[in-house]
Amino acid sequence: MKKKLSILLFCVLGALIVLLGVITYINFQSGDKYKKQVLSQAQQKYQNRTMPAKRGTIYDRNGNILATSNKVYNVVLDCKAVNSDEDYLDPTVNALVTIFGLDEGELRTRLTSDKTKESQYQIVKKQVSMDDKKAFEDYCSIPDDTEMTREEIQEKKNIQGVWFEEEYKRMYPYNSLACSTLGFVNKDGSANIGIESSYNDVLSGLNGREYGYVNSDNSMETVIKDPTNGDTVVSTIDMNIQRIVQKAIKKYMKKYQPKRLAAVIADPNTGEIFAMADNTTFNLNEPWDLSFKYTE
C-alpha cells in the first residue's frame, strides 16, 4: 500500500511539474498576446462610458424650483456574464422580476436569443429611482448577522450581470404651471419651446466620458473627463401670480368659451414678465399625453 501511494504521489507531482512547465512555456511564448486579448475586451467594455451632465435648474424670481433634474438609473443586464454559469440564470432573473416587476419570459428570451445572449449591454428597464436601485442592492446583499440558509446565501451570490447606468430625468414639480413659458425636455435630451429651448445652451451642460485604453506596458489605463453641469436660470416669473393667471384663464374660458385667450402680467417700468399664459395647458412631465384633450 505504501509503495502504491508513493508511486501515486510521484505521478501527481510529475503531472504538476509538467503542467507548470507548459504554463511557463505558454506564458513565455504567447503571454503578451493573451494579455492583450484580455485587455482588449476590457477596453471594449469601458472605453465609451458616458458620464451624464446634470441639466441646470430653472427658478422663479422668488427661488421656487420650476424645473430640475433628478438622478435616475437604467437597469443594464450583462447577458454574457449571466450565461457564463448556468447557476446564475434563475437567481438573476428572479431578482429582476421581484424588484422591478419585469417580464420573466422577455428576460429569458434576451438571455437565450442568438442576437443578445453574448451582449454585455441590454437595458431592461429605464429611469428607475434611487430607492429602486437601493432595493435591488439590499435584495442581493448578505448581512453579517444573516439567518439565511447556505442555499439562500448561494442564491444571492449567484445574482450576476446586473449593473446600473446613471442618467438624469427632467422633472417639473408643478406639472402644468407656466407650461408654455417653461417648455420641456424630451427623453433624448432635446429641448422644446419656452425657456428650456431659448436657454438650452446655458442649461444643458456637457457630458463627461471615461476612456479605457491599453498603454505601452500592456496595462489598462483609465482617463476620466468629468461632466460639466448646466448653469442655473432664474426667470422673472412669479409662481403665485402665474398660478392666479392660469386659474383666471380657465374660469373665463369655461364661462365665455372664446376660441383663444392669453394673458401677460409685466412690470411696466422694467418689462419683466411676472406671468404669461394662454388657454392651452399640458403636463410638463407628460408633454405628449393628450388624453385630457382627445377622448374616445
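This text gives an overview of the structure that appears in the document. (Residues numbered from 1 in each chain as written. Predicted model: local features only at pLDDT ≥ 70, side-chain atom pairs only at ≥ 80, totals over all residues. Heavy atoms only, no water.)

Next up on the list: the overall build of the protein chain. From N to C terminus, the protein chain includes 10 helices and 12 strands. Here the analysis covers contacts within the protein chain between residues at least 6 apart in sequence; of these, 68% occur between residues at least 24 apart. By element, 52% of the accessible surface of the protein chain is carried by carbon and sulfur atoms, the whole surface being about 19,900 Å². (Helix = DSSP H or I, 4+ residues; strand = E, 2+ residues; numbered from the N terminus. Contact = heavy atoms within 4.5 Å. Areas by Shrake-Rupley, 256 points an atom, 1.4 Å probe, with all protein chains shown as cover.)

Tallying each qualifying case throughout the model produces eight aromatic pairs. Measuring from ring centre to ring centre gives 6.4 Å for Tyr 73 and Phe 164, while their planes differ by 85 degrees; the resulting arrangement is edge-to-face. A residue pair is termed long-range when its members are at least 10 positions apart, and Tyr 73 in strand E3 (residues 65-77) and Phe 164 in strand E5 (residues 162-171) qualify at 91 residues. Accessibility expressed as a relative area gives 6% for Tyr 73, which makes it buried. Its relative accessible area of 16% is what places Phe 164 among the buried residues. Here the aromatic rings of Phe 100 and Phe 136 are separated by 5.5 Å at their centres, their planes lie at 20 degrees, and the arrangement is stacked. Placement of Phe 100 in helix H3 (residues 86-100) and of Phe 136 in helix H5 (residues 130-140) is noted, with a sequence separation of 36 residues between them. Among the aromatic residues, those joined into a cluster by ring pairs are Tyr 73, Phe 100, Phe 136 and Phe 164. Over the face of the ring belonging to Phe 164 we find Lys 133, whose NZ or CZ atom lies 5.7 Å from the ring centre. Lying over the aromatic face of Tyr 139, Lys 156 brings its terminal NZ or CZ to 3.8 Å of the ring centre. (Phe/Tyr/Trp six-rings, centres within 6.5 Å; stacked < 30°, edge-to-face > 60°. Buried < 20%, exposed > 50% of the residue type's maximum accessible area, 1.4 Å probe, protein only. Lys NZ or Arg CZ within 6 Å of the ring centre and 35° of its normal.)

Here the second largest pocket is characterised by a volume of approximately 200 Å³. Lining the second largest pocket, in full, are Gln 246, Ile 249, Lys 250, Met 253, Asp 278, Asn 279 and Thr 281. (1 Å grid on protein atoms, 1.4 Å probe; cavity = no way out; pocket = protein on both sides within 12 Å on 5 of 7 lines; lining within 4 Å. Points joined across faces, edges and corners; volume = space filled by probe spheres on them.)

Once that is clear, we can look at the pairing of strand E11 (residues 262-266). Regular strands place their side chains on alternate faces of the sheet. In this structure, E11 lies alongside strand E12 (residues 273-278), joined through five bridges in antiparallel fashion. By the bridge assignment for E12, Ala 262 is matched with Asp 278. Between the antiparallel neighbours E11 and E12 lie six residues, among them Gly 271 with a positive phi of about 80 degrees. (Pairing = 2+ DSSP bridges.)

Take Thr 181: it is sitting in helix H7 (residues 179-182). Reaching out from Thr 181, the side chain makes a polar contact with the backbone oxygen of Met 276 at a distance of 3.1 Å. With residues near it in sequence (within four places) discarded, Thr 181 still touches Gly 194, Ile 195, Ile 237 and Met 276. (Polar contact = N/O pair within 3.5 Å; in protein donor to acceptor, adjacent residues only side chain to side chain.)

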